[in-house]
Amino acid sequence: MRYHKFHLILWVSCLLLGTFSSVCAQKTKSQLQKEKQQNLLKILETEKIITETAQQKNNSLGELTALNQRIRQQENLIQSVKNEISFLDTDIDENNQIIDALQEDVDKLKEEYSSMLFSAQKASGKADKLMFLFSSKNFDQLLMRLKYMEQYSNARKEQAEAITKVQQVLGEQVKQTEIIKGNKSKLLNEEIRESNNLTGLKQKQKEIVKSLEKEEKLLKKDLDETRKAIAVLDKLINDIIREEIERAARETREREAKAKANKKIVEAAPSVMLSSSFEENRSKFPWPVSGFVSQKFGRQEHPVLKGIVLQNDGINIQTKQEEKVKCIFEGEVRAVAFIPSIGTSVILSHGEYFTVYSGLKDVLVKKGQKVTLNQEIGQVHINSDGVSELRFQIRKNTVALDPQSWLKN
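A few points on the structure.

What counts and what doesn't
- Residues numbered from 1 in each chain as written.
- Predicted model: local features only at pLDDT ≥ 70, side-chain atom pairs only at ≥ 80, totals over all residues.
- Heavy atoms only, no water.
- Salt bridge = Lys/Arg side-chain N within 4 Å of Asp/Glu carboxyl O.
- Helix = DSSP H or I, 4+ residues; strand = E, 2+ residues; numbered from the N terminus.
- Buried < 20%, exposed > 50% of the residue type's maximum accessible area, 1.4 Å probe, protein only.
- Polar contact = N/O pair within 3.5 Å; in protein donor to acceptor, adjacent residues only side chain to side chain.
- Contact = heavy atoms within 4.5 Å.
- 1 Å grid on protein atoms, 1.4 Å probe; cavity = no way out; pocket = protein on both sides within 12 Å on 5 of 7 lines; lining within 4 Å.
- Points joined across faces, edges and corners; volume = space filled by probe spheres on them.
- Nonpolar A, V, L, I, M, F, W, Y, C, P; charged D, E, K, R; others polar.
- Phe/Tyr/Trp six-rings, centres within 6.5 Å; stacked < 30°, edge-to-face > 60°.

Another aspect to go through is the pattern of salt bridges. Per the stated rule, a full pass over the model turns up 21 salt bridges. The shortest N-O distance in the salt bridge between Glu 75 and Lys 202 comes to 3.6 Å. Here Glu 75, found in helix H2 (residues 61-122), pairs with Lys 202, found in helix H4 (residues 139-213); they are 127 residues apart in sequence, far enough to count as distant. Among the residues examined, Glu 75 registers a relative accessible area of 35% and is labelled partly exposed. Across the pair Arg 395 and Asp 313 runs a salt bridge, and its minimum N-O distance is 3.8 Å. One end of the pair, Arg 395, is in strand S11 (residues 389-396); the other, Asp 313, is in the loop between strand S3 (309-312) and strand S4 (315-318), with 82 residues separating them in the sequence. Among the residues examined, Arg 395 registers a relative accessible area of 3% and is labelled buried. When its relative accessible area of 23% is taken as the criterion, Asp 313 is described as partly exposed. A cluster of three or more residues bridged by salt bridges with shared partners is formed by Glu 244, Arg 247, Glu 332, Arg 334 and Lys 370.

Structure follows, in structure tokens:
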């Protein structure tokens, strides 16, 4: 009997451990579901950007870029669904193992109980019980036999209770497995539906690429104009940064000379403190606008024109129409300049660091103005293709940095 009690306790412990494991896995499933919800929100945002862009000009480069992003989001969504299905498969396998083991225990307990009942029936008569008691050699043995009969009776009751408990646990485990299987079936249908959506998106992508390939001359002309505008912007940024470096150097020399004359220790310049604070916030800065990265930092191939490589000293963020642009850190406005084919650019200084916001309209700041974190500086303008896109740069002095490594993930 002790063995069977131990075995039952062991199984209860296993079930508790299995429940704990499920709870741990549930956290991961909850994270997956959260990611899926975030993906769905991003998809809604991108769908709006695609709709707005297509309303301005159908089958444009901007629409293709947004559609490419939409396809990536759809693929991420499908992967999230597949990951959820994988977790459910693991749960079902674990539950089936527990069910098989519990069923085996029930069968063994019933077999043992049958043996106990058979033994009990053989000695069920009153005469047999009295004869068993009165055949005792002494009073102590009589008491021992009475105690044994009582324990044997209790053992049968415990065995019956053990069978009932294990059967109850088995029943709950079966119900739980059926629920999980139902959830898996829903997810499989969802995967099929989203895969069909992906096929439709890729078909639309092919149609736009074919349409744009026919306009190769126009695309090259637009690209040439954009490159000229970017060259003007780069010169403007570099000229302003050089002026800032020279000004900071002059101020440092003046401060050192004044401190030397007064025999004082040179204190750190405010710009140095601001630079340090900027560096400490790496990967924590808020995004200047919502949307998605339509062109990454560095060199990338043109999405349509073969053999054409694009160089980007920042990132392009495609966003919704009339989207507000906000500064990512406190600083000072060093320039506000309009550049044809790009729109208005705002350059902010943050000590040794500079942020550049290009492609704006309705700018709300002016040169020399102090700005604060998340302060609105203007709106994203709509270009000739109907695209609302912010060109965003971060520089340390004249060195261009990848903004995505500085913004929040």
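Having seen the structure, we can now continue with the description.
Moving on: the side chain of Glu 190. The residue Glu 190 is located in helix H4 in this model. Of note is the side chain of Glu 190, whose polar atom sits 3.4 Å from the side chain of Lys 36. Setting aside its immediate chain neighbours within four residues, Glu 190 contacts Lys 36 and Val 81.

By secondary structure assignment, the location of Leu 223 is in helix H5 (residues 216-261). Sequence-wise, Leu 223 and Leu 310 are 87 residues apart; in three dimensions their C-alpha atoms are separated by 9.4 Å. If we skip the residues at most four places from it in the chain, Leu 223 touches His 302, Leu 305, Ile 308 and Leu 310.

Within the structure shown, the criterion is met by 1 cavity of 30 Å³ or more. Space inside the largest cavity adds up to approximately 50 Å³. Around the largest cavity, the lining residues are Lys 57, Asn 59, Ser 60, Leu 61, Leu 212, Glu 215, Leu 218, Leu 219, Asp 222 and Asp 385. Considering each element in turn, the lining of the largest cavity owes the most residues, 3 residues, to H5. Of the residues belonging to the lining of the largest cavity, the class tally is 4 nonpolar, 2 polar and 4 charged.

What follows concerns the packing of aromatic side chains. Taken as a whole and judged by the stated rule, the model has 8 aromatic pairs. For the ring pair Phe 278 and Phe 329, a centre distance of 5.3 Å and an interplane angle of 90° mean the geometry is edge-to-face. Taken as a pair, Phe 278 in helix H6 (residues 270-280) and Phe 329 in the loop between strand S5 (324-326) and strand S6 (331-339) lie far apart in primary sequence, 51 residues in all. Among the residues examined, Phe 278 registers a relative accessible area of 0% and is labelled buried. Here a set of aromatic residues connected by ring pairs shows up, and it is made of Phe 278, Phe 285, Phe 329, Tyr 353 and Trp 406.

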